[in-house]
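# Results of the structural survey
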Amino acid sequence: TGQSISNYFTVVTGTRQPGDRDGPEHMYFVLVDNGRTNLVGGDMQEMLRCIRCGACMNHCPVYQTIGGHAYGWVYPGPMGSVLTPSYVGLENALDLPHAATLCGECGVACPVKIPLPDLLRKLREKQVDRGLRPASERLGIRMWSWFAQRPRLYALAARIAARYLRFQGGGLRMINHLPFGKGWTVGREMPAPPGRTFRDLYAKRKGR
Ligand code: SF4
């Protein structure tokens, strides 16, 4: 993977010509569209350039951490996070456009210059526009927004949360039950934060 030409590359020499020792008399092509033409002219049209080289996957920190099966369909990695919702429907692949840190590595690595981070962002916007995101997430973002507009309160809340999570991690410093994020701890433990926020550490470093 990571090559600049597709794995699925076939050289077809055509039917048997006069002077050829062998070869087929007839040649038929069966094109399986499988929803691809639906992408023509749409927001995701640029994905049709994908040659399935896998470079975006190999540079993706999310793919490197969770592996291919977590993407749940044929295509893993950033290309899968765009292709799968495009083929099976955005409402049937709600998590995939969010399986990215938007670090931009996939867009840089792609040999055919597909702007994968932009496409992932577009899919996220469509989810919001269509009201597909869960109510709990919308409420959480609203709460975060409310706090973020009040910096002192935000800093205080972050300090309390960091200390609480540190306490919850116990001696092993691992959290095995998150009240508002059960999905995280169903199959794995979450490392507890050190108990101090970035602001605390920054202030200490600056001697403030
Ligand atoms: S999106 Fe780009 S980097 Fe990823 S598999 Fe397709 S061609 Fe390769």
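Structure: see above.
Residues numbered from 1 in each chain as written. Predicted model: local features only at pLDDT ≥ 70, side-chain atom pairs only at ≥ 80, totals over all residues. Heavy atoms only, no water.

## Brief notes about the overall build of the protein chain
If you tally the helices and strands in the protein chain, you get nine helices and two strands. Put simply, the protein chain runs from its N terminus to its C terminus through helices and strands in the order α-α-α-α-α-α-α-β-α-β-α. When contacts within the protein chain are restricted to residue pairs at least 6 apart in sequence, long-range pairs at least 24 apart make up 53% of them. About 14600 Å² of surface is accessible on the protein chain, with carbon and sulfur atoms providing 57% of the total. Averaged over its 28 positive side-chain charges, the protein chain has a centre that lies 17 Å from the centre of its 15 negative ones. (Helix = DSSP H or I, 4+ residues; strand = E, 2+ residues; numbered from the N terminus. Contact = heavy atoms within 4.5 Å. Areas by Shrake-Rupley, 256 points an atom, 1.4 Å probe, with all protein chains shown as cover. Lys, Arg positive; Asp, Glu negative; His and termini not counted. Charge placed at Lys NZ, Arg CZ, Asp CG, Glu CD.)

## Thoughts on the nonpolar core
Core analysis: the largest hydrophobic core is formed by 20 residues, its most contacted members being Met47, Met79, Val82, Ile114 and Leu116. Residue assignment for this core shows that the elements contributing at least two residues are α1 (55-58), α3 (77-88) and α5 (116-129). Core analysis: the second largest hydrophobic core is formed by six residues, Cys60, Tyr71, Ala93 and Leu96 among them. (Core = buried A, V, L, I, M, F, W, Y, C linked by side-chain atoms within 4.5 Å. Buried < 20%, exposed > 50% of the residue type's maximum accessible area, 1.4 Å probe, protein only.)

## As for the site of the ligand
In the region of the ligand, 13 residues are neighbours, and Cys50, Cys53, Gly54, Cys56 and Cys110 sit closest. Grouping the amino acids of the shell around the ligand by side-chain chemistry returns eleven nonpolar, one polar and one charged. (Near = heavy atom within 4 Å. Nonpolar A, V, L, I, M, F, W, Y, C, P; charged D, E, K, R; others polar.)

## Points about a nonpolar patch on the surface
On the surface, Val12, Met27, Phe29 and Leu31 cluster together into a nonpolar patch covering about 470 Å² of accessible area. For Phe29, the position within the fold is in the segment before α1. (Patch = residues over 30% accessible without salt bridge, like charges linked within 9 Å, V, L, I, M, F, W, Y side chains within 5 Å. Salt bridge = Lys/Arg side-chain N within 4 Å of Asp/Glu carboxyl O.)

## Observations concerning the pattern of salt bridges
Under the criterion given, the structure shown has six salt bridges. Across the pair Lys126 and Asp43 runs a salt bridge, and its minimum N-O distance is 3.3 Å. Placement of the pair is Lys126 in helix α5 and Asp43 in the segment before α1, with a sequence separation of 83 residues. The shortest N-O distance in the salt bridge between Arg130 and Glu91 comes to 3.0 Å. Here Arg130 is found in the loop between α5 and α6 (135-148), whereas its partner Glu91 is found in the loop between α3 and α4 (105-109), with 39 residues between them in sequence. In this structure Glu91 comes out as partly exposed when scored by relative accessible area, which is 39%.

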